[in-house]
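Below are the chains, spelled out letter by letter.
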Amino acid sequence: MTATEEHRRLIVAGTGIAGLTAAIYAGRSNNDPLVLEGDEPGGQLTLTSEVENYPGFPEGISGPDLINEMKEQAEQFGAEIEHGVVESVDDSERPFRVELSNGDVYTCDAFVAASGASARTLGIPGEDDLMGYGVSTCATCDGAFFRGEDMLVVGGGDAAFEEAHFLTKFADTVYLAHRREEFRAEDYWIDKVGKKVEEGEIELLRNTELLEVHGSPEDGVDHVTLATNETGYPSEHLDDAETETYDFDVGAVFVAIGHTPNTEYLEDTGVELDDTGYIQTRGGKGGNQTATGVEGLFGAGDVVDYHYQQAVTAAGMGCKAAIDADGYLEDLDDAAAEPEAAEADD
Ligand SMILES: Cc1cc2nc3c(=O)[nH]c(=O)nc-3n(C[C@H](O)[C@H](O)[C@H](O)COP(=O)(O)OP(=O)(O)OC[C@H]3O[C@@H](n4cnc5c(N)ncnc54)[C@H](O)[C@@H]3O)c2cc1C
């Protein structure tokens, strides 16, 4: 089979909530977006069974249902959604040259990067099977489902501290397990969590690692297996006499060891990425907030926003990116029409 080579006015990378919102707006503006799904069609929301905080759904809505409705809405306005993982974008020429992992090549006048961020996970037994059934990577999203339960947060950085602090609203006790003695979190979070420790709402489990999560999709998390060793990194010393391995009862597990933004395909472009790989956009007030350092290339959703990382904020940024891209494409049209108008005047 020969590879496709085709020109599109606008390409959107990602069918998470940011990409699909961009697709709805771009479709309605007659920019005929081609929307590429990447490895995770529908994005992170497809990993959650219930979204209770997306406006407009007082009864809540399942993540996959919300995504399917948005897909339908985008297609209704002319968006074309296709399988395809962007491998690279060449911004040294215009139109942009977009290469997919299957060898297909597209050129496009404007590009919206809405490729999201993937939560890092531990890769331990039970984690995958119970993801969405008591194991979660998002306390803001899922904490309220486990009211009154004991909860375990895994991690030692700001995200873990923030999540542990947030979960005290719902949990009986929050246990924060970190594989080392020292925490990476900033003093601000260490102090805030320290107060909760004094009040008996959070318990710190230093030099402790989560080895396995036990339970079932039907009944959720039943208990976990932990390992503790005073010198840290206990999973690397399981055979040592000093390492204690034990079962521990909790009703939910929150893995908070960071996210990785999906931006490898932009590494050779002029798009500025921060130290951890998130796209830097212009931000601020007024138009073009989603513009990157490369004209015609815009960023939206969790691939830009390492802080809020919510469905509604990602959707908002997708909307902005489509409007910014539309402005850019209109300027391109005007610029192309000018020489023709001048010729007609001659
Ligand atoms: C378990 C869980 C539960 C959550 N629950 C809630 C909730 O209840 N409420 C809430 O507001 N938020 C929730 N969130 C957060 C929310 O899902 C994210 O903030 C939101 O999905 C971000 O949307 P996005 O479109 O920016 O990125 P993502 O959803 O991450 O989507 C990224 C898309 O880009 C694609 N992609 C990646 N790389 C490439 C590439 N190279 N080429 C083409 N495409 C690519 C992926 O395949 C995917 O389609 C939850 C998150 C998780 C993990």
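As the structure is a computational prediction, the values presented were derived from the model and not from experiment.

Student: I'd like a description of the overall build of the chain, backed by residues and values.
Tutor: Along the backbone of the chain there are six helices and 17 strands. When its C-alpha atoms are laid out on the principal axes, the chain stretches across 90 × 45 × 40 Å. Within the chain, the fraction of its 346 residues that count as buried is 49%. When contacts within the chain are restricted to residue pairs at least 6 apart in sequence, long-range pairs at least 24 apart make up 63% of them. Only carbon and sulfur atoms are counted for the fraction: they give 44% of the accessible area of the chain, which is about 17200 Å². Taking the average place of the 19 positive charges on the side chains of the chain and the average place of its 74 negative ones, the gap between the two points comes to 7 Å.

Student: Run through helix H1 (residues 17-28), naming residues and quoting values.
Tutor: If you check H1, its first and last C-alpha atoms are 17 Å apart, about what 12 residues at 1.5 Å a residue would give, namely 16 Å. Burial analysis of H1 places 10 of its 12 residues in the buried class, the great majority of the element. Every buried residue of H1 is accounted for by Ile17, Ala18, Gly19, Leu20, Thr21, Ala22, Ala23, Ile24, Ala26 and Gly27. Following H1 by one or two positions, asparagine 30 adopts a phi angle in the positive range, close to 60°.

Student: Outline the pairing of strand S10 (residues 174-177), supporting the account with residue identities and numerical values.
Tutor: The two faces of S10 match: Val174 and Leu176 on one face and Tyr175 and Ala177 on the other face are all buried. In terms of strand pairing, strand S9 (residues 151-154) meets S10 through four bridges, oriented parallel. Directly across from leucine 152, in S10, lies its bridge partner tyrosine 175. Crossover connection from S9 via helix H4 (residues 158-167) to parallel S10: handedness right-handed. Crossover connection from S10 via helix H5 (residues 187-198) to parallel strand S11 (residues 202-205): handedness right-handed.

Student: Before we move on, can you summarise the site of the ligand with the specific residues and values?
Tutor: Within the structure, the ligand sits among 35 residues, and Glu37, Glu40, Gln44, Asn53 and Ala311 are positioned closest to it. Residue aspartate 39 places a main-chain N or O atom 3.4 Å away from an oxygen atom belonging to the ligand. In the model, an oxygen atom of the ligand is placed 2.8 Å from a nitrogen or oxygen of the glutamine 44 side chain. Summarising the interface, the protein chains cover 96% of the accessible area of the ligand, which totals 1000 Å² for the free molecule. The set of elements that each furnish at least two residues to the shell around the ligand consists of H1, helix H3 (139-142) and helix H6 (311-345). Per-class residue counts for the shell around the ligand are 13 nonpolar, 17 polar and five charged.

The rules behind each value
Residues numbered from 1 in each chain as written. Predicted model: local features only at pLDDT ≥ 70, side-chain atom pairs only at ≥ 80, totals over all residues. Heavy atoms only, no water. Helix = DSSP H or I, 4+ residues; strand = E, 2+ residues; numbered from the N terminus. Buried < 20%, exposed > 50% of the residue type's maximum accessible area, 1.4 Å probe, protein only. Contact = heavy atoms within 4.5 Å. Areas by Shrake-Rupley, 256 points an atom, 1.4 Å probe, with all protein chains shown as cover. Lys, Arg positive; Asp, Glu negative; His and termini not counted. Charge placed at Lys NZ, Arg CZ, Asp CG, Glu CD. Expected span 1.5 Å × (residues − 1). Pairing = 2+ DSSP bridges. Right-handed = clockwise from strand over helix to strand, strands pointing away. Near = heavy atom within 4 Å. Polar contact = N/O pair within 3.5 Å; in protein donor to acceptor, adjacent residues only side chain to side chain. Nonpolar A, V, L, I, M, F, W, Y, C, P; charged D, E, K, R; others polar.

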